[in-house]
Amino acid sequence: MKPYNELKISFPSESCNEGIARMCITSFVSALDPTVTELAEIKTAVSEAVTNSIVHGYRGGFGKIEIYAKAFENRNLSIRITDHGCGIADIEKAMEPLYTSAPEEERAGLGFAVMESFMDKLTVKSTPGKGTTVTMQRKLSPTHNLHKLSERNSLE
């Protein structure tokens with residue numbers, strides 16, 4: 001199925017850019033008329049993925065992070081976050097709650113657990129030495145038809 005809207009952005013792996021990722025995704029998803037809860041969960045999941053790329057993927061070094069989001073007619077959303085950092089040797093282990101590859105930074109190790117809880121589907125692909133791609137999918141709830149309600153009220 002072909003998306004009816006897409007967003008592609010890339011930015012340096014600076015921690016200040018995590019906020020830019022959140023703002024861009026918020027703007028993109030807002031056009032789909034999500035609930036407040038859906039929007040908060042999606043931007044939190046994106047924030048976790050971007051933070052993982054910065055902290056774990058590049059480990060204090062610098063590189064590029066790419067986000068590719070797609071919106072489909074059936075209110076499905078797909079968001080892919082890619083880095084070209086160190087990669088993950090054991091994805092299964094990395095996805096265990098409380099596991100962290102950066103214990104010296106006092107990380108909670110809950111990033112993937114948060115992403116899984118807020119999205120319908122989470123896929124992680126990684127190659128050591130080449131980077132990681134996190135793909136998240138979410139189906140938004142039906143719209144509330146607020147526009148029809150406001151039109152009807154203005155006619156009365």
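Structure shown above.
Below is a summary of the structure that appears in this document. Bear in mind that the values here come from a model prediction, so they are computed numbers and not experimental data. (Residues numbered from 1 in each chain as written. Predicted model: local features only at pLDDT ≥ 70, side-chain atom pairs only at ≥ 80, totals over all residues. Heavy atoms only, no water.)

1. Some thoughts on the nonpolar core
Turning to step 1, where the next piece is worked out: Counting residues in each nonpolar core, the largest one holds 34 residues, and the members touching the most others are Ile67, Ile79 and Met136.
Turning to step 2, where the next piece is worked out: With seven residues, helix 2 (residues 36-57) is the largest single contributor of residues to this core.
Turning to step 3, where the next piece is worked out: For Ile67, the contacting residues outside a window of four places in its chain are Leu7, Lys8, Ile9, Phe11, Ala21, Ile25, Val46, Val50, Ile79, Arg80 and Ile81. (Core = buried A, V, L, I, M, F, W, Y, C linked by side-chain atoms within 4.5 Å. Buried < 20%, exposed > 50% of the residue type's maximum accessible area, 1.4 Å probe, protein only. Helix = DSSP H or I, 4+ residues; strand = E, 2+ residues; numbered from the N terminus. Contact = heavy atoms within 4.5 Å.)

2. What about helix 1 (residues 17-30)?
Turning to step 1, where the next piece is worked out: The end-to-end C-alpha distance of helix 1 is 20 Å, a good match for the 20 Å that 14 residues give at a rise of 1.5 Å each.
Turning to step 2, where the next piece is worked out: Among the residues of helix 1, those classed as buried are Asn17, Glu18, Ala21, Ile25, Thr26, Phe28 and Val29.
Turning to step 3, where the next piece is worked out: Tucked inside the fold, the buried residues of helix 1 contact strand 1 (5-12), helix 2, strand 2 (64-71) and strand 3 (76-83). (Expected span 1.5 Å × (residues − 1).)

3. Quick word on the environment of Lys121
Turning to step 1, where the next piece is worked out: Structurally, Lys121 is set in strand 4 (residues 121-127).
Turning to step 2, where the next piece is worked out: On a C-alpha basis, the gap between Lys121 and Ser78 in space is 9.3 Å, while along the polypeptide they are 43 residues apart.
Turning to step 3, where the next piece is worked out: Excluding residues that lie within four positions of it along the chain, Lys121 makes contacts with Thr135, Met136 and Gln137.

4. Some points on the pairing of strand 4
Turning to step 1, where the next piece is worked out: Residues Leu122, Val124 and Ser126 line the buried face of strand 4, whereas the alternating positions Lys121, Thr123, Lys125 and Thr127 sit on a face that is not buried.
Turning to step 2, where the next piece is worked out: Across seven bridges, the pairing between strand 4 and strand 5 (residues 131-139) is antiparallel. Note that in strand 5 the partner of Val124 across the bridge is Val134.
Turning to step 3, where the next piece is worked out: Here strand 4 hands over to strand 5 after three residues, with Gly129 in that stretch at a positive phi of 85 degrees. (Pairing = 2+ DSSP bridges.)

5. Here we look at the side chain of Thr132
Turning to step 1, where the next piece is worked out: Along the chain, Thr132 turns up in strand 5.
Turning to step 2, where the next piece is worked out: Among the polar contacts listed, one links the side chain of Thr132 to the side chain of Ser126, at a separation of 2.8 Å.
Turning to step 3, where the next piece is worked out: Discounting chain neighbours no more than four positions away, the residues touching Thr132 are Ile81, Thr82, Asp83, Gly87, Ile88, Val124, Lys125 and Ser126. (Polar contact = N/O pair within 3.5 Å; in protein donor to acceptor, adjacent residues only side chain to side chain.)

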